[in-house]
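# Topology and contacts: notes
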Amino acid sequence: MARRRSTGSGGAPLNVPINNNVELAALIAAELDQSPTFLGGDLISSMAQNLNCYNGNPYKFTEGEQSGENSNNSPPDKNRSTYQSNDVFNIVEMAMPALTKPFMSSEEICLMAPTRNTPDDEKIAKQQQDLINYNFFKENPGNLLIQNMFRNALTCKVGIMRVYWFEGEEYHERKWSNLTDAKFLELLQDEDMELIKDKSEDVEELGPDGSPVVSSLHTCTFRQKKKISKLKYESVLPENFFVGVRQWSLNLNDPAWKCTFCAERIYMVKEDLEDLGIDADNIDMVPTSTLTNQTQVQLARYFRPEQQIGLYSTAETFNPVRKPIEVFNVYIRYDSDGDGRSELHQVYYANSVVLQDNIIEDFIPYFAITPIPQPGNFYGYCPADLARPIQLNATSLVRSMLDNFYFNNIPLCAIDENRVDNDARRTIANRQPGSYFRVDGEPSSAVTMFPPTYAGDTSLTLLKYFDDQLESRTGINKMMAGLDADILSNNKGDATAMRVMTASEDRIALMAKNFAETGLKDMFYYAVTLIMQHETKTRIIRLREEFVEVDPRTWDSPKDITIKTGIGTSEEAKKVGALNTVLQNYQMLYQAGGFGINFSAKNLDSALRDQASAQGLKFPERYYQDPSSKEAEAFMKQQAETKKNQPPPIQEQALLAQAKIDEQRNALLKEKQDSEALFKEREIKLREDELRLKTLSGAADMHDKIENTHLKATEQTLKYSQHVPGSLVK
């Protein structure tokens, strides 16, 4: 939004651009003055009281602050009980393990999955997940960052984290001894090496031709410069972070209502500002910090007497370049080019001076969480707000009860001045258990005791009531076993999610859900964006005891992934269950002869290694050897040779004998079948021969009959020709 300002004469407001640093400094000063926590007020006072109670100093308030709930809870008088209840500390520290467990039980702070189900998208999402987790836990103190963020949220209403890309230099001293001239000269020519100290010693050696040659050996110290470029996370103290008076959303990048102003107070030294490219003349205009700059919350946070010396030590008086300067890292939207639309600027501002002003992309790199969000408010409630009144009342009650015990043991008394001398009076006034004094006459009439009414039973009843109220308000009690680490990642069908949860566990689970779904998820989306913008080469990182290649240049937009945080240990448990199923299937396939067909030795090795990793074993290679290694190949070769040269085992011999018997039986059966077929063939041929013989016999008989008939006919003819004269028969 463009900043609207009046014309100064009652006319209509105009969109007037801010075109110089003086106007910008005035705008930032006005925004800071209107910020809810910059100049004090109820919010900052509540934070200070919470920290005082957390640190065990519930009555350490600034002047004019003991009002309202604290008006009847003054610091203890001399010679009275100094008991301090620690309800706020107990509540916060009992909640911390339960809240951090879903986020820190696993080595992965978040899981990433692609929105599109393709192999390339899954590979990229896996790379993004690996690099984000590696950077958070290896290149940044991830566990400490989460604890600081959560603890700030539980005590000071909000926990804030800043994410940015850091580019800088590191210097390390390195020492060498017995360096030759050539190696020493090579180090001198290295731009990243700066010589600090050198001591040389001449040594005489024999040259190639046998003549003596004198050379130098160097013992030296160099300062090595190393460039650093990485993603960094920083936990921000709530008292050092300020938002605009109209910041109504916990999300500073909420598209429905974008943040117009936020700032972080940073204490930097002159050389840090120079590294940012800020002009030295502007830096010299800014005074260093003094004790008066400390706020109520800072005084409450640094509560120990040895810390009450300001934001820098007196030793820095003799080292002025290390004196801190109070600088504000400001993100503000204003119209700088007169187009009627506001742009997001990052401004370094100190003591009404704009040190640097840059237009940046439309994103603020701060992420906030709150335990109990309040609609329409950046600041919500925290358990310390709810426990603080209980702690103050419990402290007063226990002090009164202990004083009552003291007065019962050493009650008030009245003395007869005529019978008690001055020494006895002093003894009575400062009496200790077992002390004595002299009186004239009967002691009971000279000194009369007035013991108070015993109030112990009533006090204990009230303390039990306060404990119940504390549990009811915060949902946290000392009987809690801690939140299930998988509560944020379980589905309704899981057995652990179906268990009956108490109201206390529900309250803590809701806080953990708020943390996961608000600031943390947005923070990791932005982390992926920063890596894509600044990583310019392939990285090789060591994950799960192996080197993984990651190339952010191939990544797609962060909008193409879904991020899940607060995963607990459920993913590992699910993975172990799935791998157990795979190994059982391998066993069944092996028994069915599927080895080498359905799965290989490499598949089996991968499943075993993944199972060991999922069960928390960081070095699977200690338990399983790679089947493609030289050792495995040599062993397989040796086994093959041994098997070739040795007789088969008894079981194999039995199998071979059985196979031979079966072969012989089959041969006999075949021979029998062949014999039966031959017999049938011969029988058929015999029958055919018999039939043919019968046919031939019948034909012969017929021929004989015909011959006989023909012979008879001839005989008859001859006979007839003899009896008949003149016959023509000749």
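From a predicted model like this one, the values you see are computed outputs, not experimental measurements.

## Section: the overall build of the protein chain
When helices and strands are tallied, the protein chain shows 18 helices and 17 strands. Expressed as a percentage of the 730 residues in the protein chain, the buried residues total 36%. Within the protein chain, contacts between residues at least 6 apart in sequence are counted, and of these 70% link residues at least 24 apart. Total accessible area on the protein chain is roughly 43,900 Å²; 53% of this is exposed by carbon and sulfur atoms.

## What to know about the side chain of Gln129
Tracing the backbone through its elements, the reader meets Gln129 in helix H4 (residues 119–139). On the accessibility criterion, Gln129 (7% relative accessible area) is buried. Excluding anything up to four places from it in sequence, Gln129 contacts Glu108, Cys110, Leu111 and Met112.

## So, the pattern of salt bridges
One pass over the full model with this rule turns up 16 salt bridges. Between Arg151 and Glu93 there is a salt bridge; the shortest N-O distance is 3.0 Å. Of this pair, Arg151 sits in helix H5 (residues 142–156) while Glu93 sits in helix H3 (residues 87–104), and the two are 58 residues apart along the sequence. We classify Arg151 as partly exposed; its relative accessible area is 22%. The salt bridge involving Glu139 is made with Arg539; its shortest N-O contact spans 2.6 Å.

## Quick look at the nonpolar core
Leu99, Ile132, Phe150, Tyr233 and Phe524 are the most contacted members of the largest nonpolar core, which totals 64 residues. If one sorts the elements of this core by residue count, helix H14 (residues 503–534) sits on top with 13 residues. When near neighbours in sequence (up to four residues on either side) are disregarded, Leu99 contacts Phe150, Leu154, Ile508, Met511, Ala512 and Phe515. Counting residues in each nonpolar core, the second largest holds 23 residues, with Ala48, Leu250, Cys259 and Ala300 among its members.

## Regarding the sheet that holds strand S10 (residues 343–350)
Strand order in the open sheet formed by 5 strands is S7-S8-S9-S10-S11, and the pairing between neighbours is antiparallel. What marks the edges here is a single partner per strand, and that holds for strand S7 (241–243) and strand S11 (353–359). Across the sheet, the mean angle separating the axes of adjacent strands is 20° when strand polarity is ignored. The pairing of S10 with S11 spans 6 bridges and is classified as antiparallel. Across the sheet, residue Gln346 finds its bridge partner in S11, namely Asn358.

## Some words on the packing of aromatic side chains
For the structure shown, the criterion picks out 21 aromatic pairs. Measuring from centroid to centroid gives 5.7 Å for Phe136 and Phe524, while their planes differ by 75°, and the two rings are edge-to-face. With Phe136 in helix H4 and Phe524 in helix H14, this residue pair connects regions lying 388 residues apart in the sequence. Classification of Phe524 as buried rests on a relative accessible area of 0%. Among the aromatic residues, ring-to-ring pairing joins Phe241, Tyr331, Tyr366, Phe378 and Tyr379 into one connected group. Just above the ring of Tyr164 sits the side chain of Arg162; from NZ or CZ to the centre is 4.2 Å.

## Focus on the sheet that holds strand S4 (residues 159–179)
The 4 strands lie next to each other as S5-S6-S4-S12, forming an open sheet whose pairing is antiparallel. The sheet is open, and its two borders are formed by strand S5 (193–206) and strand S12 (366–369), each paired with just one other strand. Across this sheet, the average inter-strand angle for adjacent strands is 30°, counted without regard to direction. Bridge count between S4 and S12: 4 bridges; the pairing is antiparallel. Its bridge partner being in S12, Arg162 is matched across the sheet by Tyr366. Its contacts with the sheet put H5 on S4, strand S6 (212–236) and S12, and the angle it makes with S6 is roughly 35°. Here helix H6 (residues 181–189) sits on the sheet in contact with S4, S5 and S6, set at roughly 35° to S6.

## Quick look at unusual backbone geometry
Even without a glycine there, the phi angle at Asn351 is positive, about 50°. Note that Asn351 resides in the loop between S10 and S11. Backbone geometry at Ser352 places phi at a positive 65°, although glycine is not the residue there.

## Topic: the packing of helix H2 (residues 42–54) against helix H10 (residues 383–409)
One can describe the packing of H2 onto H10 by two numbers: an axis separation of 10 Å at closest approach and a directional angle of 60°. Considered as vectors, H2 and H10 are oriented oblique to each other. Both H2 and H10 take part in a crossing whose hand is left-handed. Residues Ser46, Gln49, Asn50 and Cys53 of H2 touch H10, and the partners they reach there are Ala384, Asp385, Arg388, Gln391 and Leu392. Residue classes in the contact of H2 with H10 are distributed as 3 nonpolar, 4 polar and 2 charged.

## Quick notes on the packing of H3 against H5
The geometry of H3 relative to H5 is characterised by a closest axis approach of 10 Å and an angle of 135° between their N-to-C directions. With respect to their mutual orientation, H3 and H5 come out oblique. Where H3 crosses over H5, the two elements pack in a sense that is right-handed. The segment H3 lies against H5, with Val92, Glu93, Ala95, Met96, Leu99, Thr100, Phe103 and Met104 engaging Asn143, Ile146, Gln147, Phe150, Arg151, Leu154 and Thr155. Of the residues that constitute the contact of H3 with H5, the class distribution is 9 nonpolar, 4 polar and 2 charged.

## Focus on helix H1 (residues 21–34)
For H1, which comprises 14 residues, the first-to-last C-alpha distance of 20 Å matches the rise-based estimate of 20 Å (1.5 Å per residue) to within 8%. All of the buried residues along H1 are Leu24, Ala25, Leu27, Ile28, Glu31 and Leu32. One face of H1 carries all of its buried residues, which in axial projection span an arc of 160°. For H1, the elements touching its buried residues are S7, strand S8 (261–268), strand S9 (325–334), S10 and S11.

## Considering the confidence of the model for the protein chain
Scored by pLDDT, the protein chain comes out at a mean of 78, with 79% of its residues at no less than 70. Across residues 492–500 the pLDDT falls below 50, and counting only partners more than four positions away or on other chains, this stretch makes 8 contacts in the model.

## What to know about a nonpolar patch on the surface
Judged by side-chain polarity, Leu185, Leu188 and Leu195 come together as a nonpolar surface patch covering roughly 240 Å² of accessible area. With respect to the helices and strands, Leu185 occurs in helix H6. For Leu185, a relative accessible area of 44% corresponds to the partly exposed category.

## Some points on H5
With 15 residues, H5 extends 21 Å between its outermost C-alpha atoms, agreeing within 8% with the 21 Å of an ideal straight helix rising 1.5 Å per residue. For H5, the full list of buried residues reads Gly142, Leu145, Ile146, Met149, Phe150, Asn152, Ala153, Leu154, Thr155 and Cys156. In the stretch just after H5, Lys157 is the one whose phi turns positive, near 80°.

Basis of the calculations
- Residues numbered from 1 in each chain as written.
- Predicted model: local features only at pLDDT ≥ 70, side-chain atom pairs only at ≥ 80, totals over all residues.
- Heavy atoms only, no water.
- Helix = DSSP H or I, 4+ residues; strand = E, 2+ residues; numbered from the N terminus.
- Buried < 20%, exposed > 50% of the residue type's maximum accessible area, 1.4 Å probe, protein only.
- Contact = heavy atoms within 4.5 Å.
- Areas by Shrake-Rupley, 256 points an atom, 1.4 Å probe, with all protein chains shown as cover.
- Salt bridge = Lys/Arg side-chain N within 4 Å of Asp/Glu carboxyl O.
- Core = buried A, V, L, I, M, F, W, Y, C linked by side-chain atoms within 4.5 Å.
- Pairing = 2+ DSSP bridges.
- Axes fitted to C-alpha atoms, helices over the stretch in contact; angles between N-to-C directions.
- Phe/Tyr/Trp six-rings, centres within 6.5 Å; stacked < 30°, edge-to-face > 60°.
- Lys NZ or Arg CZ within 6 Å of the ring centre and 35° of its normal.
- Parallel < 35°, antiparallel > 145°, perpendicular 65-115°, else oblique.
- Left-handed = near helix turned anticlockwise from the far one by under 90°.
- Nonpolar A, V, L, I, M, F, W, Y, C, P; charged D, E, K, R; others polar.
- Expected span 1.5 Å × (residues − 1).
- Arc of directions from axis to C-beta.
- pLDDT = per-residue confidence, 0-100.
- Patch = residues over 30% accessible without salt bridge, like charges linked within 9 Å, V, L, I, M, F, W, Y side chains within 5 Å.

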